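Descriptive analysis of the structure
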Amino acid sequence: MASELEPEVQATERTLLECSAEETAAKWLQATDLTKEVYQHLAHYVPKIYCRGPNPFPQKEDMLAQHVLLGPMEWYLCGEDPALGFPKLEQANKPSHLCGRVFKVGEPTYSCRDCAVDPTCVLCMECFLGSIHKDHRYRMTTSGGGGFCDCGDTEAWKEGPFCQKHELNSAGMEVEEDPLVHLSEDVIARAYNIFAIIFQYAVEILTWEKESELPADLEMIEKSDTYYCMLFNDEVHTYEQVIYTLQKAVNCTQKEAIGFATTVDRDGRRSVRYGDFQYCDQAKSVIVRNTSRQTKPLKVQVMHSSIVAHQNFGLKLLSWLGSIIGYSDGLRRILCQVGLQEGPDGENSSLVDRLMRTDSKLWKGARSVYHQLFMSSLLMDLKYKKLFAVRFAKNYERLQSDYVTDDHDREFSVADLSVQIFTVPSLARMLITEENLMTTIIKTFMDHLKQRDAQGRFQFERYTALQAFKFRRVQSLILDLKYVLISKPTEWSDELRQKFLEGFDAFLELLKCMQGMDPITRQVGQHIEMEPEWEAAFTLQMKLTHVISMMQDWCALDEKVLIEAYKKCLAVLTQCHGGFTDGEQPVTLSICGHSVETIRYCVSQEKVSIHLPISRLLAGLHVLLSKSEVAYKFPELLPLSELSPPMLIEHPLRCLVLCAQVHAGMWRRNGFSLVNQIYYYHNVKCRREMFDKDIVMLQTGVSMMDPNHFLMIMLSRFELYQIFSSPDYGKRLSAEITHKDVVQQNNTLIEEMLYLIIMLVGERYSPGVGQVSAMDEIKREIIHQLSIKPMAHSELVKSLPEDENKETGMESVIEAVAHFRKPGLTGRGMYELKPECAKEFNLYFYHFSRAEQSKAEEAQRKLKRQHREDSALPPPVLPPFCPLFASLVNILQSDVMLYIMGTILRWAVERHGYAWSESMLQRVLHLIGMALQEEKQHLENAVEEHVLTFTFTQKISKPGEAPNNSPSILAMLETLQNAPSLEVHKDMIRWILKTFNTIKKLRESSSTSPVVETEGTIMEESTRDKDKAERKRKAEIARLRREKIMAQMSEMQRHFIDENRELFQQTLELDASASAVLDSSPMVSDTALTALGPAQTQVPEQRQFVTCILCQEEQEVTEESRAMVLAAFIQRSTVLSKNRTKFIQDPEKYDPLFMHPDLSCGTHTGSCGHVMHAHCWQRYFDSVQAKEQRRQQRLRFHTSYDVESGEFLCPLCECLSNTVIPLLLPPRSIFNRRLIFSDQPSLAQWIRTISQQIKALLVLRKEESSSNAATSKNSENRNELELPEGFKPNFHPKNPYSDSIKEMLTTFGTATYKVGLKVHPNEEDPRVPIMCWGSCAYTIQSIERILSDEDKPLFGPLPCRLDDCLRSLTRFAAAHWTVASLPVVQGHFCKLFAALVPNDSYEDLPCILDIDMFHLLVGLVLALPALQCQDFSGISLSTGDLHIFHLVTMAHIVQILFTSRPEENGMDQGNPTSEEESAVLSLYRMLQQYTGSALKATASGWHLWRSVKAGIMPFLKCSALFFHYLNGVPSPPDLQVPGTSHFEHLCNYLSLPTNLFGLFQENREIMNSLIESWCHDSEVKRYLRGERDAISYPRGANKLIDLPEDYSSLINQASNFSCPKSGGDKSRAPTLCLVCGSLLCSQSYCCQTELEGEDVGACTAHTYSCGSGAGIFLRVRECQVLFLAGKTKGCFYSPPYLDDYGETDQGLRRGNPLHLCRERFKKIQKLWQQHSVTEEIGHAQEANQTLVGIDWQHL
Ligand SMILES: [Zn+2]
Ligand SMILES: [Zn+2]
Ligand SMILES: [Zn+2]
Ligand SMILES: [Zn+2]
Ligand SMILES: [Zn+2]
Ligand SMILES: [Zn+2]
Ligand SMILES: [Zn+2]
């Protein structure tokens, strides 16, 4: 790099390097004015080192700075060579017991859910693993950067504050000693001096605002005209905007612009131009002009180079300080002291203050450097942490205001340090008492929300984008408040009480601004024009929810505080609503002789607000009075007499009525905003401090007033008073049915009101309301959630409210109420309700939504029927109320309540048309049930002599009084029991009557009077019998009907299977045991099946019929008929590759004839097995294409398939396909129908004949090519050539296939060529046949591999789609030569043959080490017919097949022997014991002889034989598959079952001697010469000399990489990974390739590369080299598996990591520890091995269209 600098600069560098640090330091030690001396030094050297040209050279600058600038400082500080001085300091230091490790972005952090004081207390991985918490319930997250490890902080952990490592340092830490005692006086003095000067210097220069002028003492004498145009980042402009603007402004390439933009984004600023002032200023104005259109312009400054230089050095200094204080706690303390020392300007003039107060003016890079320094100094020193906290609190208002107007994210603001300070309990407490922090935070917050309405409430109506932005920022203040409150005091001092209450006052002020905000009025007639803003108010409420809860928690801890807070809250509420009775005349309501006065108010006509935080806070405090028993202990201190129940209930009641009316459809015209508000009001995020508290407030009110009065007020607010006060309502309605809507509305309102009463009486599970514990409350929530359906852990967590520690408390009770069901291969683990908990089910549980309620009802009734119980869902037995609420139950037996119940029952009995509904009745029955349960409880728990006041049973047995003389409620129930239309409610009514009798008995037994059967029971018994009989009859009918349907169904199914044979097979595949149906073996005896050669088992001709899935027509497969095709998908593959670095460089020139044994680039063909007519497919494809073109014109996005490259979806199963394979009969039998002599040549003879034929052909070819030039000589040469006997090179066989089949042969062949080589289609290309053979061989190899890996038998049940695919593919490859040029195929054969049988005509042949023998076999066998068809000598094709197979097999054995690795601890078996062993040894000796003993001599026969046997197995298996499909010989039964070795069976099937070496012995004469020629190849020699490598056999299985058991180690690995392109920068989306294990920097500009002319992200680029287009990745931060294929296709897949609840955590949102699930990982691996990734993507994209829109190529 130095060479790029100008010579002048190089000269300066040399002089700089001559500078001596020691001498400079010595000079400083002598100096009288050290500051001046140091400043002069800096003024002189800094601009010489930093920023000398357009591009900084950070390494060079740092090197020089260390030498010239920092070196002297270190010498000065140590007073000796720092190489000696620093280790001394380090040794003298007593290391801190705090870890304090500052987290990098993406680093894993751990929090203990059992022991952390709050969720912000975290550990680094190292500390976590050494702590006790690793065995606790912990949560794992990835850090967003910033923040540090809390290990060693005793305030952060309830238990185990130290890990093993830091425990050691904690000894004797109780006595806090001054760290300065470990330093000598001299060092202390020097440290003060130098720290003070350079810290001062750094602060001054970083906060310097002038652009071309330096501070006086740094100004240079001669100033050059060199400037930088400095671009600053903001969060407003996008990357694209910045890149575009830069290209224009500074004339750079896009790549450079991306570089600039990336740095600006990372560091906050970057110089984009260097030169004289004008040159830079020009760029500035272009940038400003270009970016100022919509928003404020980008910030650009033209800065003098010397200023930039000093600033860069200033940053360097701060980092240097950070590292220096790491040597010694004493130095750290000195730095803290220097930093916090008050400057000459008094208040706020310390260096730390100055930095904080200019924070928002600094650029990102500068901020993060000094924040880091603060964290490693001020926050690590216990004494100065306190002092710093005070400074921070004093500046709080200023810092927050700066932050709110600053446009950087919170993590870049010094305000973000609040979490480090406020969460320390002792600091928080100190700041509250000494700095009044609570009040400060709340007041600051209020100051930023200035928009108020006339009543002084917050107003969010006219809510602009800027306000929204500000509002988001202000919310962080609430977070601060939360931090301050998160740890609750254990002791209260008077000061704390006073300051807390002061803060509480401020908080009430805040809530007062919310009480009644966003009021709404019902819209009648017209729909509202604009949806009003509502979200802001709810956001505020949501953010405050925890704070409100915590305020209550604090109050609960101290009786005095609670009493004061209660008083204050009541006072504010009275202020808000005290005057609510003013104005209009009150109205008087009266029913049943009770009357009450109330105000006129209609929810449906006047303003109403959902926001009532003051009322709700008061409700919460009221419950605390009861829970803490303060209400009973100090009643005289409480203003209970001042409470006005009607005032308390008024607003909550209005809010609940509003909900009821919305539900009744009365507010439809108010639009969605209201619906949303009601939704959130009940939602789990808000309900705790909204809906729940409104219920409590009503409960409070009712318990303090006459229930009759309450009910009348309630009727009035529900606008139902009229209905219930005029007794003939029902009758009148049936007379005039005109207002159906109104009736419906009223019915709903009545239902809602009854529901509300049920809730008021039934909801007593909050501690303080009922006599329950917090556990009981959670248990009940869970029981009700699980009553709906079994749920996964995360679903349950989501349905429960979380506290400020993000805990629901669920885990402590879940075992008691539910069973856990483990997950399978898919899906999640589930919790199921224990049956015994079902009795606690309450149909009217208040947290059910409507949908949940009806689902739960259905589920519970179903359960009851399953257990053959009656289906009544009676109210559960409830815990008793706390004394403060005890009188609440009287509402059930109040006159008005009984009157309401009676009225509704009467309506039901009289059945007046519309005037009642079944739900109404159901609710009344439930209420009656509740009252009975209550009474029963009272009776059972009654203490002797105690007068029971709850006498519901007596009251309902009494008939109405004159003049109505209406029947009693009991009587009406008995009537209803027999109403035929009320079947559903019968069980419930029966339950009521039964319970009534039980109570009666109880009462009578307690009064010791004889038990008398009542009329009711008799009736009940008789009806029960009748009912039983009826049910039995119905059940019988149902059974008969079911049977009939079943019979019909199975008939239909048979039909269906006959008709949809193909379809049915498809479904059978899912069954692993399904065997290939099409392989209906012809009748061949099992004994001695032989797949090839003259002895091949003769297979009778089979006729094959298939049905086209498109036209449903059936057709026979013959060579003359129209072509039938299978949908197929061809793809390049590296799944079997042993060398992932290799890929086809230039496809146009690539020669695929010989496959290298590393199988680095194969072509795989797959098929879904669905058959179509070729012409039907063609028509289908054309229509798809046309449709796609039309669609593309309209919408411009990708589909899941790319028509342009021939892709389509199988019309039946939607499987991605890109071509079709024709269906064929075994092609060999067609070519073989010729006269064959019985006398067939031996291998040697055959090779000789073939060699002659090849020779003849080669001569002919040569002639032909020369004859083109001179035709005349032709005849002459021909005479010279002696043609072998029976060989007729002029003969051209007739193609046996129909035109349609020929066309399909060409189509598929061309497609294989096009995809396999990634070239333009060209059916004439000589490589087409090679690609077809190659794809056949590769596909067979990949399937063999899968079967072996899974230990499956070779010919076991194969899914029929695979079976079909392999059969068609093999037969196609065998028939393809008929459509290729004969000379071309012959040429291929000759060359392939020459690889084994030497021929002088070829020079560029690979040696046998570099040939994959199976590919060679397939090529030779499939090319042979092209030669054999011209041979009329009577040699059969099968003879050729057999000889080729034997020859290749022998070559493979030699290959294996060459490459076998000698056994390390050679178990020398001594003398060979078996035939094979001696044979292999003699063969091996021969090889040694031919290679001149270059082959190692040590191997034993036993070992060699073992290696050969193992090495050749895959080849034999592949060959067996190949010949099986080629010739259609059924597989031997032995090979259809699993077993370890089938070596002999394989050999028999393949017509091989079981002693393979017999082959060599039989053909000794020819083989010896062939082997010799193989051994003499120069490459083989090189290999034997160890100069090159070769693949050995068997090739190991390719697997996906090993993943760690614990997910956090992956996170940790990824957090250490930095982007390879942007110098040490942390990658934002580190992504792991599961195939090769590379980590990539995904989804980021920095790592985009160009691929085929397009920009692609790192993952896409990687797939091209690693997976030839397809890839499997793990996005580490998201814990998400990513499948990619091509540039446009991708999908996300469920990751193989599960938490203890059997759930994945995509996005890592929940943070439960994750562990590897091997089964799921295996499933992913299988998808990969089966080449199904692309198919999986296709299915995912079809199922989820949004996946199509994702920009996969940039990942
Ligand atoms: Zn740590
Ligand atoms: Zn530790
Ligand atoms: Zn713990
Ligand atoms: Zn068809
Ligand atoms: Zn299909
Ligand atoms: Zn890879
Ligand atoms: Zn990158």
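Everything below is about the structure printed above this text.
These lines cover the structure that appears in this document, whether it is placed above or below. (Residues numbered from 1 in each chain as written. Chains lettered and ligands numbered in written order. Predicted model: local features only at pLDDT ≥ 70, side-chain atom pairs only at ≥ 80, totals over all residues. Heavy atoms only, no water.)

With that settled, the discussion passes to the overall build of the protein. For the protein, the helix and strand inventory stands at 65 helices and 25 strands. For the protein, the proportion of its 1755 residues judged to be buried stands at 57%. Here the contacts in the protein between residues at least 6 apart in sequence split such that 76% fall between residues at least 24 apart. Carbon and sulfur atoms provide 50% of the accessible area of the protein, an area that totals close to 76500 Å². (Helix = DSSP H or I, 4+ residues; strand = E, 2+ residues; numbered from the N terminus. Buried < 20%, exposed > 50% of the residue type's maximum accessible area, 1.4 Å probe, protein only. Contact = heavy atoms within 4.5 Å. Areas by Shrake-Rupley, 256 points an atom, 1.4 Å probe, with all protein chains shown as cover.)

This paragraph deals with the coordination of the zinc ion (ligand 3). For the zinc ion (ligand 3), the full set of protein donor atoms is C112 (SG), C115 (SG), H133 (ND1) and H136 (ND1), at a range of 2.0 to 2.3 Å. Considering all 4 donor atoms around the zinc ion (ligand 3), angles at the metal cover 98 to 116° and the coordination shape is tetrahedral. Each donor residue of the zinc ion (ligand 3) lies on one chain, and together they are spaced C-x2-C-x17-H-x2-H. With C112 in strand β1 (residues 105-112) and H133 in the loop between α6 (125-129) and β2 (138-144), this pair connects stretches of sequence that are 21 residues apart. For H133, a relative accessible area of 0% translates into the label buried. (Donors = N, O, S within 2.8 Å, 3.2 Å for Na, K, Ca; no water. Tetrahedral: all angles 85-135°; square planar, octahedral: opposite > 155°, others 65-115°.)

Here the bond from Y1593 into P1594 is cis, since omega is -5°, no more than 30 degrees from zero. With respect to the secondary-structure elements, P1594 resides in the loop between α60 (1578-1584) and α61 (1607-1615). With a phi angle near 60°, S1551 is a residue other than glycine that sits in the positive phi range. Topologically, S1551 is positioned in the loop between α57 (1543-1549) and α58 (1558-1562). Classification of S1551 by relative accessible area gives partly exposed; the value is 22%.

This next bit is on the pairing of strand β6 (residues 587-591). Only one face of β6 is buried, namely the one carrying V587, L589 and I591, since none of T588 and S590 on the opposite face is buried. Counted along the chain from β6 to the antiparallel partner strand β7 (residues 594-598), the turn is 2 residues long, and its residue C592 has a positive phi close to 50°. (Pairing = 2+ DSSP bridges.)

Below, the discussion takes up the packing of aromatic side chains. We describe a pair of aromatic rings using the distance from one ring centre to the other and the angle between the two ring planes. All chains considered together, the criterion is met by 52 aromatic pairs. Ring plane angle 5° and centroid distance 4.1 Å describe the contact between Y110 and F128, whose orientation is recorded as stacked. A residue pair is termed long-range when its members are at least 10 positions apart, and Y110 in strand β1 and F128 in helix α6 qualify at 18 residues. Considering the side-chain rings of Y239 and Y1645, the 4.7 Å spacing of their centres and the 0° angle between planes classify their relative orientation as stacked. (Phe/Tyr/Trp six-rings, centres within 6.5 Å; stacked < 30°, edge-to-face > 60°.)

The next subject is the sheet that holds strand β18 (residues 1639-1641). Spatially, the 5 strands line up as an open sheet ordered β18-β17-β21-β22-β23, and their pairing is antiparallel. Both edges of this open sheet fall to β18 and β23 (1689-1693), since each of them pairs with a single strand only. Between one strand axis and the next, the sheet turns by 30° as a mean value, whatever way the strands run. Sheet topology note: the strand β22 (residues 1680-1685)/β23 ladder contains 5 bridges and is antiparallel. (Axes fitted to C-alpha atoms, helices over the stretch in contact; angles between N-to-C directions.)

Here we come to the environment of T1249. With respect to the helices, strands and loops of the structure, T1249 is situated in helix α47 (residues 1243-1267). Separated by 38 residues in the primary sequence, T1249 and F1287 place their C-alpha atoms 9.8 Å from one another. A distance of 2.9 Å separates the side chain of T1249 from the backbone oxygen of Q1245, its partner in a polar contact. (Polar contact = N/O pair within 3.5 Å; in protein donor to acceptor, adjacent residues only side chain to side chain.)

Core analysis: the largest hydrophobic core is formed by 278 residues, its most contacted members being F195, F388 and F500. In this structure F500 touches M438, L485, W492, M551, W554, C555 and V561, once residues within four positions along its chain are discounted. The next biggest cluster of nonpolar side chains, apart from the first, holds 169 residues, and it includes I1250, L1424, I1444 and L1481. (Core = buried A, V, L, I, M, F, W, Y, C linked by side-chain atoms within 4.5 Å.)

For the zinc ion (ligand 1), every protein donor is listed as C99 (SG), C124 (SG), C127 (SG) and C149 (SG), and the spread of their distances is 2.2 to 2.4 Å. What the 4 donor atoms of the zinc ion (ligand 1) show is an angle range of 96 to 125° at the metal, which sorts the shape as tetrahedral. Positions of the donor residues of the zinc ion (ligand 1), expressed as sequence spacing, correspond to C-x24-C-x2-C-x21-C. Separating the zinc ion (ligand 1) and the zinc ion (ligand 2) is a distance of 4.3 Å, and C127 donates to both of them. Here C99 is found in the loop between α5 (82-92) and β1, whereas its partner C127 is found in helix α6, with 28 residues between them in sequence. Of the two residues, C99 and C127, both sit in the buried class.

Glancing now at the packing of helix α2 (residues 21-30) against helix α4 (residues 58-78). The N-to-C vectors of α2 and α4 enclose an angle of 55°; their axes lie 8 Å apart at closest approach. By the angle between their directions, the pair α2 and α4 is classed as oblique. The element α2 and its partner α4 pack so that their crossing is right-handed. For the pair α2 and α4, contact is made by A21, E22, T24, A25, W28 and L29 and by H67, G71, P72, M73, W75 and Y76, respectively. Broken down by class, the residue content of the contact of α2 with α4 amounts to 8 nonpolar, 3 polar and 1 charged. (Parallel < 35°, antiparallel > 145°, perpendicular 65-115°, else oblique. Left-handed = near helix turned anticlockwise from the far one by under 90°. Nonpolar A, V, L, I, M, F, W, Y, C, P; charged D, E, K, R; others polar.)

To continue, consider the sheet that holds strand β3 (residues 227-232). Reading across the sheet, the 3 strands line up as β4-β3-β5 and stay open at both edges, with antiparallel pairing between neighbours. The strands lining the two open edges of the sheet, one partner per strand, are β4 (269-275) and β5 (300-304). Between one strand axis and the next, the sheet turns by 30° as a mean value, whatever way the strands run. Where β3 lies against β4, 6 bridges are found, and the strand directions are antiparallel. Note that in β4 the partner of M230 across the bridge is S271. Running at roughly 10° to β4, helix α9 (residues 239-250) makes contact with β3 and β4 of the sheet. Along the sheet face, helix α12 (residues 305-324) touches β3, β4 and β5 and points at about 95° away from the line of β5.

The next subject is the pattern of salt bridges. Once the charged atoms of two side chains with opposite charge are near each other, the side chains can pair. Across all of its chains, the model carries 74 salt bridges by this definition. The partner of D558 in a salt bridge is R497, with the nearest N and O atoms 2.8 Å apart. Note that D558 is positioned in the loop between α23 (535-557) and α24 (559-577) and R497 in helix α22 (residues 494-512), a separation of 61 residues in sequence. Judged by its relative accessible area of 15%, R497 is buried. One salt bridge in this structure joins E1565 and R1248, with 3.4 Å as the shortest N-O distance. Here R1248 lies in helix α47 and E1565 lies in helix α59 (residues 1564-1575), a separation of 317 residues in the sequence. Salt bridges here are not isolated pairs; linked through shared partners, they connect D1410, E1579, R1582, R1585, E1587 and R1588. (Salt bridge = Lys/Arg side-chain N within 4 Å of Asp/Glu carboxyl O.)

These values are about where atoms sit, not about what they do.
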